Amino acid sequence: MIQTVKQFQVEKVDGGNLLTPEGFQAGGMHSGLRYKKRDFGLLMSDVPASIAAVYTQSHFQAPPLKVTQESIRQDNKIQSIVINSAVANACTGKQGLENAYETRSMIANRYNIPESYVAVASTGVIGEQLPMDKITYGCENVDVTKDGADAFQEAILTTDTCQKHTCYQLKVDGRTVTIGGAAKGSGMIHPNMATMLGFITTDATIESSVLQKALSNCIDRSFNQITVDGETSTNDMVLALANGQADHDTLDEDHPDWEGFQLALQLVCEDLAKQIARDGEGATKLIEVNVSGAHSNEDARTIAKKVVGSSLVKTAVYGHDANWGRIVGAIGHSDANVNPEGCDIFIEGQLVFSEGTPCSFSEEQATEDMSKEKVIIEVRLHEGDGEGTAWGCDLTYDYVKINASYRT
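Scope of this entry: the structure provided in the associated data block.

1. Side note on the overall build of the chain
- Check the secondary structure of the chain and you find 11 helices and 17 strands.
- Against the compact-globule benchmark of 22 Å for 408 residues, the chain has a radius of gyration of 22 Å, which places it among compact chains.
- Based on the C-alpha atoms only, the size of the chain along its principal axes is roughly 70 × 55 × 35 Å.
- With 408 residues in all, the chain has 57% of them scored as buried.
- A sequence separation of at least 24 residues applies to 81% of the contacts in the chain between residues at least 6 apart.
- On the chain, roughly 16600 Å² of surface is accessible, and the fraction owed to carbon and sulfur atoms is 44%.
- Averaging the coordinates of the 33 positive side-chain charges in the chain and doing the same for the 56 negative ones gives two points 5 Å apart.

Dropping the structure here:
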């Protein structure tokens, strides 16, 4: 797939991942936190990398986030990210913070780098202390290689059913620049940045402050536009590392290839966001809601999120029921400006509601269309130029089963 903005071409790398960019290695192993599967991962840059980060807005930010924020504040450089699954190390008080610091210290000592160059992440059950004997075993034995992407991507998963990764390339100053990424997320997903864990790598040359702006620009149109269950978590963040190994002139907003880089980063974030939405706990399909003609982009994004986050819309999609009334209901109690008489609603291309009244449409065709793995709902408001898209999933019986026994 090739996408173009002005003269810039951005191409998706088939099978690419967060190790496709130059100068990164990773690995994952079973440390004993889980019964069998890999549960401990490490990502390394060959050199200290510029860093950008976005964190959950939860008031209960977990110790790993606090330690990572402290690391970044010191030099705005990160060389290593260490992560465990199974245990979130959240709501664990002073001991939990000490354990996160100890994890950071063990990785720093093993690889002979400053502690401030290490970011820490955890995901899993809230309220349990890390079993530090197993964490120590992981820190001492996890190996990183250029071929370790799969092992790392498996190690970060919790209730996910699949690995999530993507990669895009573009030219900067005539040199190939690569942006790759991996993420985890399946439940407790809602637009409140960032209700998941995401790791983005690039061999681009860019300062941390500029990378931060670029990442933040992408967030509102990607990770902040997904929802699975309306819940947010305590541990979630997106980290982007740029190690400069592509060896081009430093990127900034005045660089002639800036728009191409921003597009590639946006596509990486969108890919990962959609993979998370599709893999929602118990989900059978991805829902995409496109809103156009709103007063503003913000209104359009608000409406799209409200529709895709509606439990009634989600259950209707699961049942292959083209119940446009559920969509109207969601739009109706959004915070956006909406004129009901100017609203058109399409389900998989069929106009089902227009100018305040229902339309005649084929229920049989709608049922068939909604049985596909991806269902697209379109809302046209005819009030302005605002556009927005959100992604989510259907709500199934299995979501209840998964979360009714999450700790057991």
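2. A few points about the pattern of salt bridges
- The full count for this structure, using the stated rule, is eight salt bridges.
- E154 is paired through a salt bridge with R38; the nearest N and O atoms lie 2.9 Å apart. Placement of the pair is E154 in helix α4 (residues 149-155) and R38 in the loop between β3 (24-29) and β4 (40-55), with a sequence separation of 116 residues.
- Accessibility expressed as a relative area gives 23% for E154, which makes it partly exposed.

3. Structural notes on the packing of aromatic side chains
- Applying the stated criterion across every chain, the model contains three aromatic pairs.
- A centroid spacing of 5.7 Å and a plane angle of 70 degrees characterise the contact between F152 and F199, whose relative ring orientation is edge-to-face. Highlighted residues: F152 in helix α4 and F199 in strand β9 (residues 197-202), separated in sequence by 47 residues. The exposure classification of F152 matches that of F199, with both residues buried.
- Seen in terms of ring centroids, W324 and F353 are 5.1 Å apart; in terms of plane orientation they differ by 35 degrees. Their pairing is tilted.

4. A short note on the packing of helix α1 (residues 63-75) against helix α2 (residues 93-111)
- Where α1 contacts α2, the axes come no closer than 8 Å and their chain directions differ by 50 degrees. In terms of orientation, α1 lies oblique with respect to α2. Of the two possible hands of crossing, α1 and α2 adopt the one that is right-handed. Contact residues: P63, P64, K66, V67, E70 and S71 in α1; G96, L97, A100, Y101 and R104 in α2.
- For the contact of α1 with α2, the residue count by class is six nonpolar, two polar and three charged.

5. Looking at the packing of helix α7 (residues 297-309) against helix α9 (residues 324-332)
- Look at α7 against α9: their axes get within 8 Å of each other, and the N-to-C directions meet at 135 degrees. As the angle between them shows, α7 and α9 are arranged oblique. Like other packed secondary-structure pairs, α7 and α9 cross with a definite hand, here right-handed. Facing α7, whose interface residues are I303, K306 and V307, α9 presents I327, A330 and I331.
- Of the residues that constitute the contact of α7 with α9, the class distribution is five nonpolar, no polar and one charged.

6. Thoughts on empty space enclosed by the protein
- Throughout the structure, instances matching the rule amount to two cavities of 30 Å³ or more.
- Computed from the structure, the largest cavity encloses a volume of approximately 50 Å³.
- Lining the largest cavity, in full, are V313, A316, V317, D321, A322, N323, R326, I327, I347, M370 and I377.
- Of all the secondary structure elements, the ones that give two or more residues to the lining of the largest cavity are α8 (311-318) and α9.
- The residue makeup of the lining of the largest cavity, split by class, is eight nonpolar, one polar and two charged.
- Taken as a whole, the second largest cavity spans an internal volume of roughly 30 Å³.
- Every residue lining the second largest cavity is listed: V82, I83, N84, T103, V120, A121, S122, L130 and I135.
- Among the residues forming the lining of the second largest cavity, the class breakdown is six nonpolar, three polar and no charged.

7. Describing helix α6 (residues 258-278)
- Taking 1.5 Å per residue, 21 residues should reach 30 Å; α6 reaches 30 Å between its end C-alpha atoms and fits that length.
- Judged by how many residues are buried, α6 sits mostly within the fold: 17 of 21 residues are covered.

8. As for the nonpolar core
- Judged by nonpolar contacts, the single largest core of 40 residues is most densely connected at I200, I206, L215, F223, F261 and L265.
- Those elements that provide at least two residues to this core are β4, β7 (164-172), β8 (175-184), α5 (208-219), β11 (237-242) and α6.
- A total of 12 residues in this core trace back to one element, the largest contributor, which is α6.
- If sequence neighbours within four positions are ignored, F261 has contacts with L170, I179, T202, A204, I206, L211, A214 and L251.
- Ranked by size, the runner-up nonpolar core spans 29 residues in total, among them A304, F353, M370 and I377.

9. Thoughts on the environment of D143
- Examined against the element boundaries, D143 turns out to sit in the loop between α3 (132-141) and α4.
- Residue classification places D143 among the exposed residues on the basis of a relative accessible area of 53%.
- Along the chain, D143 and T202 lie 59 residues apart, while their C-alpha atoms are 21 Å from each other.
- Non-local contacts of D143, meaning those with residues more than four positions away in its chain, are made with A26, G27, G28 and R110.

Parameters at a glance
Residues numbered from 1 in each chain as written. Predicted model: local features only at pLDDT ≥ 70, side-chain atom pairs only at ≥ 80, totals over all residues. Heavy atoms only, no water. Helix = DSSP H or I, 4+ residues; strand = E, 2+ residues; numbered from the N terminus. Rg over C-alpha atoms; globule rule 2.2 N^0.38 Å. Buried < 20%, exposed > 50% of the residue type's maximum accessible area, 1.4 Å probe, protein only. Contact = heavy atoms within 4.5 Å. Areas by Shrake-Rupley, 256 points an atom, 1.4 Å probe, with all protein chains shown as cover. Lys, Arg positive; Asp, Glu negative; His and termini not counted. Charge placed at Lys NZ, Arg CZ, Asp CG, Glu CD. Salt bridge = Lys/Arg side-chain N within 4 Å of Asp/Glu carboxyl O. Phe/Tyr/Trp six-rings, centres within 6.5 Å; stacked < 30°, edge-to-face > 60°. Axes fitted to C-alpha atoms, helices over the stretch in contact; angles between N-to-C directions. Parallel < 35°, antiparallel > 145°, perpendicular 65-115°, else oblique. Left-handed = near helix turned anticlockwise from the far one by under 90°. Nonpolar A, V, L, I, M, F, W, Y, C, P; charged D, E, K, R; others polar. 1 Å grid on protein atoms, 1.4 Å probe; cavity = no way out; pocket = protein on both sides within 12 Å on 5 of 7 lines; lining within 4 Å. Points joined across faces, edges and corners; volume = space filled by probe spheres on them. Expected span 1.5 Å × (residues − 1). Core = buried A, V, L, I, M, F, W, Y, C linked by side-chain atoms within 4.5 Å.

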